[in-house]
Amino acid sequence: MKRAAFSVSATLLMAGACLAQSQELQMLNDLRATENLPSVSYSVILQRAALKHAQDMHANDIFSHQGRDGSDVAQRVRNEGYDFCVVAENIAKGHRDLDEVFRAWMDSPGHRANIMSSEVTEFAVVEGRDSIWVMVLAAPGC
């Protein structure tokens, strides 16, 4: 019985994560479409890099593009096995939901430039503890 309940719970959590990814993907591609930019796809590899950075910032009470170990987004993405030709990162803290954090990023010239880059083809965004948000955008290979 408990095993079945766990499987159902795990399935629901995975379905929730997929729904969130779908919402993030739609929101980002809608923004990019306003400037006739190509759509991007969601990357679970970039998601891992973003999540680890959000966890690192929370655990070490820092808010920076530089990790506790001195790593930058390029190093974190490479550590996940992602070979890229371009990579960018947006971070935010304290925003209550996806709409709010996207609005804040779009109101910031540097963050907006990352989101609207014609060079990126993949992305991921995560919300960590204490509303720490990390978005990683990249293009593989080249």
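Further up the page is the structure itself.
Just so it is clear, the model here is predicted, and its values are computed rather than measured.

1. Details of the overall build of the protein
Per the secondary structure count, the protein includes five helices and four strands. Listing the helices and strands of the protein from first to last along the sequence gives α-β-α-α-β-α-α-β-β. Looking at the protein as a whole, 42% of its 142 residues qualify as buried. Here the contacts in the protein between residues at least 6 apart in sequence split such that 64% fall between residues at least 24 apart. In the form shown here, the protein has an accessible surface area of approximately 8,100 Å², with 54% of it arising from carbon and sulfur atoms.

2. Some words on unusual backbone geometry
In this model, aspartate 61 sits at a positive phi of 50 degrees, which is unusual for a non-glycine residue. Along the chain, aspartate 61 falls in the loop between helix H2 (44-59) and helix H3 (73-79). On the basis of relative accessible area, aspartate 61 is assigned to the exposed category, the value being 69%. Its identity as a non-glycine residue notwithstanding, serine 131 has a phi of 55 degrees, on the positive side. On the basis of relative accessibility, which here comes to 22%, the residue serine 131 falls in the partly exposed class.

3. Brief notes about the side chain of glutamate 24
By the element assignment, glutamate 24 lies in helix H1 (residues 2-33). Arginine 32 provides the closest opposite charge to the buried, unpaired glutamate 24, separated from it by 14 Å. Among all residues touching glutamate 24, those that are not within four sequence positions of it are Tyr42, Leu98, Phe102, Phe123 and Val125.

4. A short note on the environment of leucine 31
Among the structural elements, leucine 31 can be located in helix H1. What makes leucine 31 partly exposed here is its relative accessible area of 22%. Residues leucine 31 and arginine 112 lie 81 residues apart in sequence; the distance between their C-alpha atoms is 10.0 Å. Setting aside residues up to four positions removed in sequence, leucine 31 forms contacts with Phe102, Met106 and Met116.

5. Observations concerning H2
Since there are 3.6 residues in each turn of an α-helix, residues three or four apart along the chain are aligned in direction. Taking 1.5 Å of rise per residue, 16 residues should cover 22 Å, and H2 covers 22 Å from first to last C-alpha, within 8% of that figure. Regarding H2, the residues found buried are Leu46, Ala49, Ala50, His53, Ala54, Asp56 and Met57. For H2, the angular spread of buried residues about the axis comes to 160 degrees, placing them on one side. Turning to H2, the residues buried within the fold contact H3, strand E2 (84-93), strand E3 (122-128) and strand E4 (132-140). One side-chain oxygen at the N-terminal end of H2 lies 3.3 Å from the backbone nitrogen of isoleucine 45; it belongs to serine 43.

Reading the values: rules and limits
- Residues numbered from 1 in each chain as written.
- Predicted model: local features only at pLDDT ≥ 70, side-chain atom pairs only at ≥ 80, totals over all residues.
- Heavy atoms only, no water.
- Helix = DSSP H or I, 4+ residues; strand = E, 2+ residues; numbered from the N terminus.
- Buried < 20%, exposed > 50% of the residue type's maximum accessible area, 1.4 Å probe, protein only.
- Contact = heavy atoms within 4.5 Å.
- Areas by Shrake-Rupley, 256 points an atom, 1.4 Å probe, with all protein chains shown as cover.
- Lys, Arg positive; Asp, Glu negative; His and termini not counted.
- Salt bridge = Lys/Arg side-chain N within 4 Å of Asp/Glu carboxyl O.
- Expected span 1.5 Å × (residues − 1).
- Arc of directions from axis to C-beta.
- Polar contact = N/O pair within 3.5 Å; in protein donor to acceptor, adjacent residues only side chain to side chain.

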